[in-house]
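Here's the letter readout for the chains.
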Amino acid sequence: MNSCLICGGIAENQYFLCKECAKFALICERRCPKCGNFTLNPNEPECFSCKGKKLHFDKIFSLFIYSGSISKLISEMKYGKVKSIAEILGRYLAENAPLELVEGRTVIFPPMRFWDKLLRSFNQAEIFADRLARRHCLRFDPKLLKKIRKTAHQAGLDYEERRENLKDAFALTRSVKGEKFLIVDDVCTTASTIEEIAKLLKKNGAVSVNGLTLARRTPYFS
């Protein structure tokens, strides 16, 4: 029987949360059809986050809203450097990913710079992507993307600042012409990382790019 990663109690219907702690894990149910962000009006073609923007990704899906139990676990995983949490969350993400989002795609993730990964000892997005590919028998290409320049930390930056920060930060190591991709990450804030990678992929001939994250940040929930 699994233990709750928050309180240590019995994880009943979840792999990682007990019944009480699961109450504070908010599922992202009202999604924008264009960018996948939480929205109060899911029937509208665009939300406040993507209105008027030209986007290169096709779809982004996030399981949870970044708040409560989920934000606590992600923070502990990343800043507490707890790899076991990444393994458990990655397995959960893989088992709950929509089939129509992932089928027939090459799975990739945003790479970290060598020293950043060395300091943490793992890249949680890489672990998530590996679990997803294994679960759905998809091609996993951990070396397709490389980060070619240092960027500032994204925390605290708005959409335009994030986009400028990531501009030309990634490069491809092989041809991607005619392929379909799935970019896997832990958190989506402004979608600037997924957008920058999708732009690079499509510029080089990729036909479709989806994104999948465990959580989505939204100003509606802090």
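Whatever comes next refers back to the structure up there.
Before going into details, it helps to say that this report is about the structure given with it. Note that the coordinates shown come from a computational prediction; the quantities given were computed from them, not determined experimentally. (Residues numbered from 1 in each chain as written. Predicted model: local features only at pLDDT ≥ 70, side-chain atom pairs only at ≥ 80, totals over all residues. Heavy atoms only, no water.)

### Some points on the side chain of Ser192
- Following the sequence through the fold, Ser192 ends up in helix 8 (residues 192–203).
- Owing to a relative accessible area of 4%, Ser192 belongs among the buried residues under this scheme.
- One polar contact links Ser192 to Thr190, side chain to side chain, over a distance of 3.0 Å. (Helix = DSSP H or I, 4+ residues; strand = E, 2+ residues; numbered from the N terminus. Buried < 20%, exposed > 50% of the residue type's maximum accessible area, 1.4 Å probe, protein only. Polar contact = N/O pair within 3.5 Å; in protein donor to acceptor, adjacent residues only side chain to side chain.)

### Quick word on the sheet that holds strand 6 (residues 208–216)
- Spatially, 1-6-5-2 is the arrangement adopted by the 4 strands of the open sheet, whose pairing is parallel. Because the sheet does not close on itself, it has two edges, and the strands there are strand 1 (59–65) and strand 2 (106–108). Taking each pair of neighbouring strands and ignoring which way they run, the sheet shows an average axis angle of 20°.
- Where strand 1 and strand 6 come together, 6 bridges link them in parallel fashion. Following the sheet pairing, Phe61 is matched in strand 6 by Leu212.
- Relative to strand 6, helix 8 is tilted by about 165°, and along the sheet it contacts strand 1, strand 2, strand 5 (180–188) and strand 6. (Pairing = 2+ DSSP bridges. Axes fitted to C-alpha atoms, helices over the stretch in contact; angles between N-to-C directions. Contact = heavy atoms within 4.5 Å.)

### Comments concerning unusual backbone geometry
- A positive phi angle is found at Lys81, which is not glycine, with a value near 60°.
- Mapped onto the fold, Lys81 is located in the loop between helix 2 (68–79) and helix 3 (83–96).
- In this structure Lys81 comes out as partly exposed when scored by relative accessible area, which is 45%.
- The backbone of Ala191 shows a phi angle near 70°, a positive value even though the residue is not glycine.
- Locating Ala191 in the fold gives a position in the loop between strand 5 and helix 8.

### Describing the environment of Glu20
- Tracing the sequence through the fold places Glu20 in helix 1 (residues 19–22).
- The class for Glu20 is partly exposed, based on a relative accessible area of 45%.

### Observations regarding helix 3
- Look at helix 3: 20 Å from first C-alpha to last across 14 residues, which is about the 20 Å you get at 1.5 Å a residue.
- Residues Ile85, Ala86, Leu89, Gly90, Tyr92, Leu93 and Ala94 constitute the buried set of helix 3.
- Considering only its buried residues, helix 3 is in contact with strand 1, helix 2, helix 6 (124–136), strand 5 and strand 6. (Expected span 1.5 Å × (residues − 1).)

### Remarks on the nonpolar core
- The biggest cluster of nonpolar side chains holds 39 residues, and the ones touching the most others in it are Leu132 and Leu214.
- Listing elements by their share of this core, those giving two or more residues are strand 1, helix 2, helix 3, helix 4 (99–102), helix 6, strand 5 and strand 6.
- Setting aside residues no more than four positions away along its own chain, Leu214 makes contact with Ser62, Leu63, Phe64, Ile70, Ile74, Leu89, Leu93, Phe128, Asp185 and Asp186. (Core = buried A, V, L, I, M, F, W, Y, C linked by side-chain atoms within 4.5 Å.)

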